[in-house]
Structure formats: structure tokens, C-alpha cells
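Residue strings, one per chain:
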Amino acid sequence: RGQLVSVKAHTVNPARCQRSNDILEPRLQTQWFIKTKPLAEKALAATREGKTTIVPAHFEKTWEHWLTEIRDWNVSRQLWWGHRIPAWYDESGHVYVGRNEDEVRERYGLAEDTRLHQDEDVLDTWFSSALWPFATLGWPENTDLLKRHYPNDVLISGFDILFFWDARMAMQGLHFMKEVPWKKLELHGRGRAADGAKMAKAK
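Given the structure is predicted, the values throughout are model-derived calculations rather than measurements.

### Some points on the layout of surface pockets
Of the pockets and cavities examined, the largest pocket occupies roughly 930 Å³. Lining the largest pocket are 23 residues, with Arg19, Thr125, Trp126, Ala200 and Lys201 positioned closest to its centre. Counting residues per element, the lining of the largest pocket draws most heavily on helix 4 (residues 125-130), which supplies four residues. Its residues assigned to classes, the lining of the largest pocket comprises nine nonpolar, seven polar and seven charged. Its volume calculated, the second largest pocket comes out at about 790 Å³. Every residue lining the second largest pocket is counted, 22 residues in all, and those nearest its centre are Pro86, Arg99, Leu123, Phe127 and Phe176. Taken together, the elements giving at least two residues each to the lining of the second largest pocket come down to strand 1 (33-34), helix 3 (101-108) and helix 7 (162-177). Residue contributions to the lining of the second largest pocket peak at three residues, all from helix 7. For the lining of the second largest pocket, the class distribution of residues is 14 nonpolar, four polar and four charged.

And the structure:
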């Protein structure tokens, strides 16, 4: 209809996987999210009330910014490893959430012949990592280790994971354990290569 203005050659530069160099092909699909604001408010309250102190103190501003501007957290990952999303679907696509298939069947009163399949996605690595202060000590059982080491006195961490790991440990610790995972958070710099690039296990 004469509406095409021009045709120009264009070189496509697709996103590639850092590890395998495979081309990444985005695909829209249903994702799982966690409503994060209520969790963030508890972590903010803990620092404001002095239950957790951050050293050096100027990182408190970053902490405040991240946790006040927080958005819901997409925890779905399409990976081959990790903790599977604890959701099951029947053949009609109805979703059931529980710790395992037996719990799902009991909670929702599903018949034995109801066929279920578990969501194939896994939880975001940072979600699983955030369980570390208590999951490594025998939680959900109230073990002697858990009683002795939770909460801990200090966490020493790189400043660059203040939000990705530290804030999430605080949020999940307060949610699951009802108290902060550590009393002091000490942040340090990070090692870099000679050209200034970040050092990473993946490289």
C-alpha cells in the first residue's frame, strides 16, 4: 500500500549465555512471584531498631533504598538444577501448592487416581541461598546446632551482594525463624582482575 519507507540491512546481535555461549531465546511463560514488600518491611525495621547493624554505615542508605523500592520477586528459573517449585498441576491445569505431592493430595482432598505433575521450574538461586543461615543447621527441625548458631553474631559479605543475598537472608530469616540471622553485617570490597573485570567462579 506504499507505506514501507525503506529496507535496511541489520546485523542481529543475540544475547548469549555467559557459560555455554548458546543463543538465548526469550519465551513468554507463566512465572512464580513472591510478594516481597511485607518481608522487606521486617528487614528494614530490624536495621532501624538496631537489631542488625551494617558496617560501614554508609551502606545503610543502599539497604534502605533497595528495601523501600522493592518489587515482587520473580523466583521462577528455567534451569536443570536447584530446588523445584513446590507446585503441582492436574490434567486440567489447576495448581496445588505444598511441600510434597503427598501433602498436596491430603491438603486439597485429591483422589489417588488424580494425575499430578510438578512444575518443571526451579527456585531462583538467591531464594535457596537465602535459607542458608538456618537450613544448614537442621531447620525445620529445632536442632541443637540451630539453637546454638541462630542468630549468629556477624556476617562478612561482599558489598555487591548486599541486596541479592544479604537482604534476602534477612527477609527469609525473619519470616521463617522470626528473628534476624545475624546482629552485624560487615561489608568488604571485592577482588578484581588486572583489567578491572569482576572475578567470578563462572569465568
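### Considerations on helix 2 (residues 59-68)
The complete set of buried residues in helix 2 reads Phe59, Trp63 and Leu67. Looking straight down helix 2, one finds that the buried residues subtend no more than 70 degrees of arc, so they occupy a single side. Summarising the contacts, the buried residues of helix 2 are in contact with helix 1 (37-48), strand 2 (53-55), helix 7 and strand 10 (182-188).

### Considering the sheet that holds strand 5 (residues 87-89)
Spatial ordering of the open sheet is given by 6-5-7, a layout of three strands whose pairing is antiparallel. Here the strands that pair on one side only, and so sit at the sheet edges, are strand 6 (95-97) and strand 7 (117-118). In this fold helix 3 packs onto strand 5 and strand 6, with an angle of close to 110 degrees to the strand it touches most, strand 6.

### Here we look at the pairing of strand 9 (residues 152-158)
Sheet topology places strand 9 next to strand 10; six bridges connect them, and they run parallel. From the neighbouring strand, Leu155 faces strand 10, where its bridge partner is Leu185. The parallel pair strand 9 and strand 10 is bridged by helix 7, and the resulting crossover is right-handed.

### A look at the environment of His188
Tracing the sequence through the fold places His188 in strand 10. Assessed through its relative accessible area of 40%, His188 is described here as partly exposed. It is 10 Å that separates the C-alpha atoms of His188 and Leu162, two residues lying 26 residues apart in sequence. Once residues within four sequence positions are removed from consideration, His188 is found in contact with Ile156, Ser157, Gly158 and Phe159.

### Notes on the packing of aromatic side chains
Inspection of the entire model under this criterion finds twelve aromatic pairs. Centroid distance Trp126 to Phe164: 5.9 Å. Interplanar angle 35 degrees. Geometry classified as tilted. Note that Trp126 is positioned in helix 4 and Phe164 in helix 7, a separation of 38 residues in sequence. Take Phe164: its relative accessible area is 34%, and that puts it in the partly exposed class.

### Things to note about helix 3
The backbone nitrogen of Asp102 lies 3.2 Å from a side-chain oxygen of the residue at the head of helix 3, namely Asn100. Immediately downstream of helix 3, the backbone of Gly109 shows phi near 60 degrees, a positive value.

Rules used throughout
- Residues numbered from 1 in each chain as written.
- Predicted model: local features only at pLDDT ≥ 70, side-chain atom pairs only at ≥ 80, totals over all residues.
- Heavy atoms only, no water.
- 1 Å grid on protein atoms, 1.4 Å probe; cavity = no way out; pocket = protein on both sides within 12 Å on 5 of 7 lines; lining within 4 Å.
- Points joined across faces, edges and corners; volume = space filled by probe spheres on them.
- Helix = DSSP H or I, 4+ residues; strand = E, 2+ residues; numbered from the N terminus.
- Nonpolar A, V, L, I, M, F, W, Y, C, P; charged D, E, K, R; others polar.
- Buried < 20%, exposed > 50% of the residue type's maximum accessible area, 1.4 Å probe, protein only.
- Arc of directions from axis to C-beta.
- Contact = heavy atoms within 4.5 Å.
- Pairing = 2+ DSSP bridges.
- Axes fitted to C-alpha atoms, helices over the stretch in contact; angles between N-to-C directions.
- Right-handed = clockwise from strand over helix to strand, strands pointing away.
- Phe/Tyr/Trp six-rings, centres within 6.5 Å; stacked < 30°, edge-to-face > 60°.
- Polar contact = N/O pair within 3.5 Å; in protein donor to acceptor, adjacent residues only side chain to side chain.

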